[in-house]
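# Per-entry structural report
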Amino acid sequence: MRIEKDHIQKHNDKLAAKHRKKLANLSAELPNAKKVINKLADFQIAIPSWALGTGGTRFGRFSGGGEPGSLEEKIEDVGLLHALNQSSGAISLHIPWDIPTSTRKIKALAAEHGLLFDAVNSNTFQDQPGQKYSYKYGSLQHANNKVRSQAIDHNIEVIKYGKALGSNALTVWLSDGSCFPGQLNFRKAFQRTLEGLQEIYAALPSGWKMFVEYKAFEPNFYSMTVGDWGQSLLYANKLGPKAYTLVDLGHHLPNANIEQIVSLLLMEQKLGGFHFNDSKYGDDDLTVGSINPYQLFLIFNELVEGMDARGMNHARDLGWMIDASHNVKDPLEDLLQSVEAIKIAYAQALLVDRRELNRAQESNDVAKSQEILQQAYRTDVRPLVAEARLRSGAALQPIELFRELSVRKQLIAQRGEKTKATGL
Ligand code: LRH
Ligand code: MN
């Protein structure tokens, strides 16, 4: 299924007058509206291939039907998102959930939809049918070096797929750890994991990055061998200049100050990218900005400040990816909302008056600092985000058009009710 340009044109024509009025009112108050719109149009967020179906939990899974049953159909779905918002121009694959039958064909199909391939993800947290050694007690940390070699070989194979598809980064998330005190020698687990990552690092093609993703708990519930930003930074520093940390918003202990973590990793030039989502308790993988939009704004506030301090290119110098799992929402609507929330937080962060904020901070004017931040956070920037879409040939209101065109109904008609997407 494709969304034709004239569908988008008709939708935008219908909403144009209302949009222009809102945009004019807002732009009149904002000195840098044009600059913000251009930066928004440039800003692309990669869609996870494992979040195009209904995830579910151990207690149940309630599919909405019409799910993509193949990598080709997953690319078609990300193509739909990108047609609607011109902001989802890349897909992040997970191997072996998305092994391309022909990398040439898959690359061509993605190009047809205007899509690139972002970081590829390895998987040593599940045992595949016919796999020789089990990852029950971990992968790179495992006491048995045969298990460790199997995991290293898998990551090197994932790099090969990524290279063939034009990706330039490998994300390594290890579920390794322990569930009970005494189960694991932490030092040996760290050393073995580092040695394994060093072998994988050595296999990185030139120009590639390795993202070391940390997580505080699950599926291990006593220790994780890459358990927090400090451990991830330790690995990244010991590995070398191509290794970076990856911040998944749901992978922190309750009340962690993620924006401070982001600020320091950026300062150390060891922040590689993000897995955006939201959560109230654990790794809930909820819609971005659905639970704590102020935290998302504060994270982008540190990103804009820190990236500008280093003269970094906002759109290209970090990995912008979503990592979500859907239980009760339509996966595509959920992803459209997540992309919107990320763009809103980025636009608000671009509105922060940095000179005034710096002046207030340097003079310990605490109340003034908060006023300056919240002035930006309380600005309804949605007309700017919509205008950036309009100028990129996308829909002014993507979810509205998704529903007007009954996209889910058409996908169910095309694929049936029972198709299940590989992934979470
Ligand atoms: C682990 C994680 C990781 C992925 C997986 C699908 O919780 O965030 O990024 O490999 O989800
Ligand atoms: Mn993740």
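Refer to the structure presented above.
A brief structural summary. Everything quoted here is computed from the prediction, not taken from an experiment.

So, on to the nonpolar core. Residues Phe274, Phe300, Leu303, Trp320 and Leu384 are the most contacted members of the largest nonpolar core, which totals 110 residues. Broken down by element, this core gets its largest block of residues, 12 residues, from helix H10 (residues 331-350). Apart from the residues within four sequence positions on either side, Trp320 is in contact with Phe43, Gln44, Ile45, Ala46, Asp118, Phe274, Phe276, Phe300, Leu303, Met307, His314 and Ala315.

Within the structure shown, the criterion is met by 17 salt bridges. Close ionic contact of Lys215 with Glu218 constitutes a salt bridge, the shortest N to O distance being 2.7 Å. Overall, Glu218 belongs to the partly exposed group, its relative accessible area being 34%. Residue Glu356 is joined to Arg359 by a salt bridge in which the shortest nitrogen-to-oxygen separation is 2.9 Å. Of this pair, Glu356 and Arg359 both sit in helix H11 (residues 354-362), 3 residues apart, which is roughly one turn of that helix.

Around the manganese ion (ligand 2), the protein contributes the donor atoms Glu213 (OE), Asp248 (OD), His275 (ND1) and Asp323 (OD), at 2.1 to 2.2 Å from the metal centre. Angles of 72 to 169° at the metal separate the 6 donor atoms of the manganese ion (ligand 2), which places the site in the octahedral class. Along the chain, the residues that donate to the manganese ion (ligand 2) are spaced as E-x34-D-x26-H-x47-D. Of the two residues, Glu213 sits in strand S7 (residues 209-213) while Asp323 sits in the loop between strand S11 (319-322) and H10, which places them 110 residues apart along the sequence. As far as burial versus exposure is concerned, Glu213 and Asp323 are alike and both buried.

About the criteria used
- Residues numbered from 1 in each chain as written.
- Chains lettered and ligands numbered in written order.
- Predicted model: local features only at pLDDT ≥ 70, side-chain atom pairs only at ≥ 80, totals over all residues.
- Heavy atoms only, no water.
- Core = buried A, V, L, I, M, F, W, Y, C linked by side-chain atoms within 4.5 Å.
- Buried < 20%, exposed > 50% of the residue type's maximum accessible area, 1.4 Å probe, protein only.
- Helix = DSSP H or I, 4+ residues; strand = E, 2+ residues; numbered from the N terminus.
- Contact = heavy atoms within 4.5 Å.
- Salt bridge = Lys/Arg side-chain N within 4 Å of Asp/Glu carboxyl O.
- Donors = N, O, S within 2.8 Å, 3.2 Å for Na, K, Ca; no water.
- Tetrahedral: all angles 85-135°; square planar, octahedral: opposite > 155°, others 65-115°.

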